[in-house]
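Reading the structure
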Amino acid sequence: MFAGLSHAPEDPILGMSTLFASDRDKGKIDLGIGVYKDEDGSAAVLPSVKSAERWLLETQQTKTYLSSAGNSGFTRTIQSLILGGQRMAERSRTIQTPGGSGALRLAADFLRRLRPNARVFLPDPTWANHVPIFSDAGIPVVRFPYYDEERAKIRFDAMMGALREIRRGDLLLLHGCCHNPTGADLDSAQWGAIRDLLARSGATPFIDLAYLGFAEGLEEDAAPVRALAHGLPELLIASSCSKNFGLYRERVGALTIVATNGPDADNTLGHLLCIARSNWSMPPDHGASIVAHILSTKGLDLQWQAELATMRRRVNHMRSTLSDHLTDMGYPRFAFIARQRGMFAMLGFSREQVERLRSESHIHITGSGRFNVAGLTDANVERVAAAIATAF
């Protein structure tokens, strides 16, 4: 069975950690792997998370199984965080998943089993794992234009033209905020145009919400998702707590569905539970218990929101600082970095330019030219700017 297998393809993102580890330069800078880092370059555990873990250690009475739906306190509070209080409670249901990736795959398997003729429309570019998740589940993938690297702008007219092909039963996947890998988000008018297109076509929006709170704030970032939920009959949302809670290795995610009515929502949840049972049986609870405790404890909730605001301000500060340095060096074309939001931006570099950054300056970014803004600090940003200018 195992003899003679071909070499598996390398993951373009995860393979970067090997490259970075093999770089022996003491001044090397990791701008590739997508984790938030503080001013000291550390992916530290949030103080609010530490507090919740201490509470959990002292109060948890059992490690017995939960249901396939996951931690009920987590699903209730994360649904409220995304959709806002009780207004959508009758029509919405949430199931806990192993990370946002688990939510995406659960939706893909649901689509394949119950809507076998459906397609998923994905932006070009998008997160590297979107295509394999849906393709491996057997869902036909249709790519639509999203971003113009040369002009560092969303190709909205081309996008809307391509989406004329979408039909009832298809999924349209969009990033809720902090578009990965581009950092270029849709504005409110563009979201409104997409809502109208979906209403006409009968297609269903599927929002990947991995960075809630990292763009403008929790309420602001949730607003487009809530508008779709209120304005359309159905909606799917894959959410993750990896970034905004710093719970990367705990794999805390959720799939939330909004249906036309309560009975449809219940029936859909029943199918999702069957699929989850066959995929992973029950999701891990430690991280979900942490999130549930934070969101349901008033003082801790406010502490976490303040920590999230600190992360957001730091990322936006590094965007502005890098942009300013590059402009001062005679490269105003990179001013878009300050206008965009979230942890990622695209330099528009070729693979040869990416290799020059790595080999000559020991600055590691992905082969696509995407870099992690959170890897910048006040101590290294000027050197990074100079290296970008040299490679450009």
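As a starting point, this report considers the structure included with it. Please read all numbers here as calculations on a predicted model, not as lab measurements. (Residues numbered from 1 in each chain as written. Predicted model: local features only at pLDDT ≥ 70, side-chain atom pairs only at ≥ 80, totals over all residues. Heavy atoms only, no water.)

**A short note on unusual backbone geometry**
- Backbone torsion omega between Asp124 and Pro125 reads 5°, so that peptide bond is classified as cis.
- Asn180 connects to Pro181 through a cis peptide bond whose omega is 20°.
- Examined against the element boundaries, Pro181 turns out to sit in the loop between β7 (171–175) and α7 (188–201).
- Phi angles above zero are rare outside glycine, and Ser281 is one such case at about 65°.
- Residue position: Ser281 is located in the loop between α9 (262–279) and α10 (286–296).
- Positive phi, close to 60°, is recorded for His362, a residue that is not glycine.
- In this fold, His362 is placed in the loop between α13 (351–361) and β12 (363–364). (Helix = DSSP H or I, 4+ residues; strand = E, 2+ residues; numbered from the N terminus.)

**Observations concerning a nonpolar patch on the surface**
- A surface patch of nonpolar side chains, about 470 Å² in accessible area, is lined by Met1, Phe2 and Leu5.
- Structurally, Phe2 can be placed in the segment before α1 (15–22). (Patch = residues over 30% accessible without salt bridge, like charges linked within 9 Å, V, L, I, M, F, W, Y side chains within 5 Å. Areas by Shrake-Rupley, 256 points an atom, 1.4 Å probe, with all protein chains shown as cover. Salt bridge = Lys/Arg side-chain N within 4 Å of Asp/Glu carboxyl O.)

**Description of the pattern of salt bridges**
- Applying the stated criterion to the full structure yields 12 salt bridges.
- For the salt bridge of Arg195 with Asp196, the shortest nitrogen-to-oxygen distance reads 3.7 Å.
- For Arg195, a relative accessible area of 29% translates into the label partly exposed.
- Residue classification places Asp196 among the partly exposed positions, given a relative accessible area of 37%.
- For Arg226, the salt bridge is made with Glu219, and the minimal N-O distance between the two is 2.8 Å. (Buried < 20%, exposed > 50% of the residue type's maximum accessible area, 1.4 Å probe, protein only.)

**Overview of the state of the cysteines**
- Summed over the entire model, instances satisfying the criterion amount to 0 disulfides.
- Free cysteine Cys178: the closest other cysteine sulfur is in Cys177, separated by 4.1 Å. (Disulfide = S-S within 2.5 Å.)

None of this, on its own, says anything about what the molecule does.
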